[in-house]
Amino acid sequence: MFTLPQKDFRARTTCLGPACMQDLGSSHGEDLEGECSRKLDQKLPELRGVGDPAMISSDTSYLSSRGRMIKWFWDSAEEGYRTYHMDEYDEDKNPSGIINLGTSENKLCFDLLSWRLSQSDMQRVEPSLLQYADWRGHLFLREEVAKFLSFYCKSPVPLRPENVVVLNGGASLFSALATVLCEAGEAFLIPTPYYGAITQHVCLYGNIRLAYVYLDSEVTGLDTRPFQLTVEKLEMALREAHSEGVKVKGLILISPQNPLGDVYSPEELQEYLVFAKRHRLHVIVDEVYMLSVFEKSVGYRSVLSLERLPDPQRTHVMWATSKDFGMSGLRFGTLYTENRDVATAVASLCRYHGLSGLVQYQMAQLLRDRDWINQVYLPENHARLKAAHTYVSEELRALGIPFLSRGAGFFIWVDLRKYLPKGTFEEEMLLWRCFLDNKVLLSFGKAFECKEPGWFRFVFSDQAHRLCLGMQRVRQVLAGKSQVAEDPRPSQSQEPSDQRR
């Protein structure tokens, strides 16, 4: 059994003034789509590549066509998560319950966060916090967000509070941006595999489609890596969308990437942004894992660190506290854009996706406490992430299973193709169900629109006893499976030695 590094920081007092308590940024979509399953006997509406969202037939006559499609997403994407919640592991009450290695949440630092959020500077109530505020967010919070992003994104010039909009999480950010940037039926380019809940985020309100930029695991040379995004692949996907009569309005980039863990270099970011400018495309850059890079050699760079953005009026950056601060239940996300029209339109939707004044106050207090973040939280969080990552990596190596891991995020992209005799998505789903039947929930590749059956995402950001038990159950399942090949397929899925990327 491995041991996560733990220290008791309760005695530290690094608070910087008054406050309240709360916040966050991931969405229930993390549970809904990427983390769970789709039923084999149901067919997705053609949101893939370039298809139209089909209207889903339903027995109910109470819903509109949009309502039926929204209900369909819920019904079809929740199987694994519903099963997990009905039989959730508890060390004392339900030790034979399901271990969740599928949901991308950081469960390693509750002790640090609960201590910080319970300090006296987080407990403040005043009239302005209980009344309607600027829908963009209280100015004091937007000022702290601008300072926070300027510092941690290493912006060459200070970021401006007037370019900040605050919403209740990343799902709301995607939904709002899709709605204000695209007409119904238009599309965003998105490299696959990708965090699958984005499909719902952009579709359910805005009726926006996704045009897939399919990546594969093949390595074609010394300077290439598995699932590498290139401008050539972006151009090809754009041409295919146009050939289908679909108008593409933007590109979605996630860095560090989910589920691959890839970190785009400044040169790559520049190339993608130049491509977008050439085609007059908006770029939504999701940097929700930017402070969860636990390998120092990775060299993460935010898009906001670039000296000059090729098209700043069409570049929109998202960040949230759901991942980096392990607060997926507090709901805080933020948009930074220099396009005032976009900021105003998104702010108008904050009427439906805003944060309470008390939460905004608490978030401002947290973000301004640079001493606690730098001296306590980030070093300890990175140490715990690295210890958990090392444990799962060693377990996978002992099993002879190839995988990709870039030293960022909460997950490892694992190649289980040798356990699929025919190499089909039906077999992938059967293997996923076998894991679930043996009380471990994982995320399968099709939920991320991976075009190669057999890839799974393993989340390692959990407490040691749950992680060890989960990996024990994984071993038991795989021990009962015959392998198509004993050795990994050449040059496709080894752990990269160059951690810079």
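Residues numbered from 1 in each chain as written. Predicted model: local features only at pLDDT ≥ 70, side-chain atom pairs only at ≥ 80, totals over all residues. Heavy atoms only, no water.

As named in an unreviewed UniProt entry, the protein chain is 1-aminocyclopropane-1-carboxylate synthase-like protein 1, taken from Gorilla gorilla gorilla. In its Sequence similarities (unreviewed entry) section, UniProt records this for the protein chain: "Belongs to the class-I pyridoxal-phosphate-dependent aminotransferase family." (UniProt positions renumbered as here; feature names shortened; annotations may be inferred.)

S.K.: Outline the overall build of the protein chain, listing residues and values.
M.R.: Along the protein chain, the regular secondary structure elements total 15 helices and 13 strands. Residue burial in the protein chain is summarised as follows: out of 501 residues, 60% are buried. Counted over contacts in the protein chain with a minimum sequence separation of 6, partners at least 24 positions apart contribute 79%. Only carbon and sulfur atoms are counted for the fraction: they give 51% of the accessible area of the protein chain, which is about 20,100 Å². (Helix = DSSP H or I, 4+ residues; strand = E, 2+ residues; numbered from the N terminus. Buried < 20%, exposed > 50% of the residue type's maximum accessible area, 1.4 Å probe, protein only. Contact = heavy atoms within 4.5 Å. Areas by Shrake-Rupley, 256 points an atom, 1.4 Å probe, with all protein chains shown as cover.)

S.K.: Could you give an account of a negative patch on the surface, naming the residues involved and the relevant values?
M.R.: On the surface, Glu88, Asp90, Glu91 and Asp92 cluster together to form a negatively charged patch. By the secondary structure assignment, Asp90 is in the loop between α3 (79-86) and β1 (99-100). Take Asp90: its relative accessible area is 30%, and that puts it in the partly exposed class. (Patch = residues over 30% accessible without salt bridge, like charges linked within 9 Å, V, L, I, M, F, W, Y side chains within 5 Å. Salt bridge = Lys/Arg side-chain N within 4 Å of Asp/Glu carboxyl O. Lys, Arg positive; Asp, Glu negative; His and termini not counted. Charge placed at Lys NZ, Arg CZ, Asp CG, Glu CD.)

S.K.: Could you give me a rundown of the packing of aromatic side chains, with the residues and numbers involved?
M.R.: In this structure the tally under the stated criterion is 23 aromatic pairs. Three or more aromatic residues link up through ring pairs in this structure, and these residues are Phe148, Phe151, Tyr152, Trp319, Phe325, Trp372 and Tyr377. In this structure, Arg370 packs its charged tip against the face of Phe151, placed 4.5 Å from the ring centre. Stacked on the ring of Phe425, the Lys or Arg Lys446 has its end atom at 4.9 Å from the ring centre. (Phe/Tyr/Trp six-rings, centres within 6.5 Å; stacked < 30°, edge-to-face > 60°. Lys NZ or Arg CZ within 6 Å of the ring centre and 35° of its normal.)

S.K.: Residue-level account of the pattern of salt bridges, with values.
M.R.: This model, assessed by the stated rule, comprises 25 salt bridges. Residues Glu395 and Arg475 are paired through a salt bridge, measuring 2.1 Å at the closest nitrogen-oxygen approach. Of the two residues, Glu395 is situated in helix α13 (residues 370-398) and Arg475 in helix α15 (residues 464-479); the sequence distance between them amounts to 80 residues. Overall, the relative accessible area of 17% leaves Glu395 in the buried class. In this structure Arg475 comes out as partly exposed when scored by relative accessible area, which is 31%. In this structure, Lys446 and Glu449 form a salt bridge, with 3.4 Å as the shortest nitrogen-oxygen distance. Through salt bridges with shared partners, one network takes in Arg225, Asp262, Glu268 and Arg406.

S.K.: Any chance you could break down the layout of surface pockets for me, citing the residues and the numbers?
M.R.: There is about 510 Å³ of room inside the largest pocket. Taken together, 19 residues line the largest pocket, and the ones lying closest to its centre are Lys154, Met290, Leu291, Val293 and His382. At the level of elements, α5 (139-152) and α13 are the ones that each hand at least two residues to the lining of the largest pocket. The leading source of residues in the lining of the largest pocket is α13, at four residues. Among the residues forming the lining of the largest pocket, the class breakdown is ten nonpolar, four polar and five charged. Two domains each provide a minimum of three residues to the lining of the largest pocket, namely domain 1 (70-110 + 374-478) and domain 2 (125-369). (1 Å grid on protein atoms, 1.4 Å probe; cavity = no way out; pocket = protein on both sides within 12 Å on 5 of 7 lines; lining within 4 Å. Points joined across faces, edges and corners; volume = space filled by probe spheres on them. Nonpolar A, V, L, I, M, F, W, Y, C, P; charged D, E, K, R; others polar. Domains from an automatic or database assignment.)

S.K.: Provide a residue-level description of the sheet that holds strand β13 (residues 455-459), including the pertinent values.
M.R.: The antiparallel open sheet is built from four strands, whose spatial order is β9-β10-β13-β12. A single partner strand is all that each edge strand has here, and the edge strands are β9 (403-404) and β12 (443-444). (Pairing = 2+ DSSP bridges.)

S.K.: Explain the packing of α5 against α13 residue by residue, including any values.
M.R.: It is the contact of α5 with α13, at a shortest axis distance of 12 Å, that shows an interaxial angle of 45°. By the angle between their directions, the pair α5 and α13 is classed as oblique. For the element pair α5 and α13, the recorded crossing hand is right-handed. Counting all contacts with α5, which are made through Lys147, Phe148, Phe151 and Tyr152, the residues of α13 involved are Arg370, Ile373, Asn374 and Leu378. The residue inventory of the contact of α5 with α13, partitioned by class, reads five nonpolar, one polar and two charged. (Axes fitted to C-alpha atoms, helices over the stretch in contact; angles between N-to-C directions. Parallel < 35°, antiparallel > 145°, perpendicular 65-115°, else oblique. Left-handed = near helix turned anticlockwise from the far one by under 90°.)

S.K.: Tell me about the nonpolar core, and name the residues and values.
M.R.: Most often, soluble globular proteins have nonpolar side chains that are buried together. Counting 123 residues, the largest nonpolar core has Phe148, Leu189, Phe325, Trp372, Leu416 and Phe435 as the members making the most contacts within it. Per element, the largest residue contribution to this core is ten residues, and it comes from α13. Summarising the domain contributions, this core has at least three residues from each of domain 1 (70-110 + 374-478) and domain 2 (125-369). When near neighbours in sequence (up to four residues on either side) are disregarded, Phe325 contacts Leu113, Phe148, Leu291, Trp319, Leu366, Trp372, Ile373 and Tyr377. (Core = buried A, V, L, I, M, F, W, Y, C linked by side-chain atoms within 4.5 Å.)

S.K.: Can you explain α13? Please cite residues and give values.
M.R.: Taking 1.5 Å of rise per residue, the 29 residues of α13 would be expected to cover 42 Å, and the 40 Å separating its terminal C-alpha atoms lies within 8% of that figure. Largest kink in α13: about 35°, centred on Tyr377, with the proline Pro379 one to four residues after it. Just downstream of α13 lies Gly400, where phi reads positive at about 70°. (Expected span 1.5 Å × (residues − 1). Bend = angle between axes of the 7 residues up to and from the residue.)

S.K.: Which residues make up unusual backbone geometry, and what are the values?
M.R.: In terms of backbone geometry, most residues other than glycine have negative phi values and most peptide bonds are trans. Residues Thr192 and Pro193 are joined by a peptide bond in cis, for which omega reads 5°. A positive phi is found at Arg280, a non-glycine position, where the angle reads about 55°. The exposed category is assigned to Arg280, whose relative accessible area is 59%. The phi angle at Arg331 is positive, at roughly 65°, despite the residue not being glycine. Summarising the element assignment, Arg331 is placed in the loop between α10 (321-324) and β8 (333-337).

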